[in-house]
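Tertiary structure, described
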Amino acid sequence: VRFTENHDEIRAVNAFGRERSMAASVLTYTLPSMRLLHQGQLEGLRIRAPLQLKRIMRETTDGEMQRFYTNLLKILNCETLHYGSWKPMKVEGGETVFSWIWFYDERSAFVCVNYAGREVKCRIKVDRKVIRDLLNSDLSLRRGAYLLDADADGCIKLRLEPYGLWASSSHR
């Protein structure tokens, strides 16, 4: 079971900050396992309500966090992330970059996150089909991730801003 928020801790957006919280969520929820999302997390709520209270103080929804989670949930709902095989990728030049690919029924889903407060340039060896899927995916969530090059050998070169992320998949 994986989660970034629960009823015992302060809200992730308060604990980590917005960008780091988003990066942590992409890392956490795209790994193989059951996923738990806390009440109010999808709306970007910041107030933690103790379990003993039957009422919760009203607060305004964080539109940016809500859009982020809406897009992330679309990617997580893909068959590839439900039934596929997970493979961690070797990242060259970025010790703070985590990347993996899911494969299922001729489709792939790509995840890459820089979990650091500094910019990183890195290289990841994937096959050409993954590059094609990555460039033609119908679902993509990108924040501070830039494709610098994709070569014929199946390598992609990326520039990732602090807590930059890229998750993509296809429903096809």
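Quick caveat: nothing in here was measured; it's all calculated off a predicted structure.

On to the environment of glutamate 95, then. Relative to the helices and strands, glutamate 95 resides in the loop between β2 (91-92) and β3 (97-104). Sequence spacing of glutamate 95 and valine 120 is 25 residues, and the spatial spacing of their C-alpha atoms is 9.0 Å. A distance of 2.9 Å separates polar atoms of two side chains, one belonging to glutamate 95 and the other to arginine 118.

A side chain with one charge may pair with a side chain of the opposite charge, provided their charged atoms come close. For the structure shown, the criterion picks out 11 salt bridges. With a closest N to O distance of 3.0 Å, glutamate 119 and arginine 159 form a salt bridge. In this pair, glutamate 119 is assigned in the loop between β4 (107-114) and β5 (120-125) and arginine 159 in strand β7 (residues 155-169), connecting sequence segments 40 residues apart. One connected set of salt bridges, linked through shared partners, spans Arg18, Glu19, Asp62, Glu64 and Arg143.

Right, let's talk about the side chain of aspartate 62 for a bit. Within the secondary structure, aspartate 62 sits in the loop between α2 (18-29) and α3 (63-76). A polar contact is formed between the side chain of aspartate 62 and the backbone nitrogen of methionine 65, at a distance of 3.2 Å. Every residue in contact with aspartate 62, bar those within four places of it in the chain, is listed here: Arg18, Glu43, Gly44 and Arg46.

Rules and cut-offs
- Residues numbered from 1 in each chain as written.
- Predicted model: local features only at pLDDT ≥ 70, side-chain atom pairs only at ≥ 80, totals over all residues.
- Heavy atoms only, no water.
- Helix = DSSP H or I, 4+ residues; strand = E, 2+ residues; numbered from the N terminus.
- Polar contact = N/O pair within 3.5 Å; in protein donor to acceptor, adjacent residues only side chain to side chain.
- Salt bridge = Lys/Arg side-chain N within 4 Å of Asp/Glu carboxyl O.
- Contact = heavy atoms within 4.5 Å.

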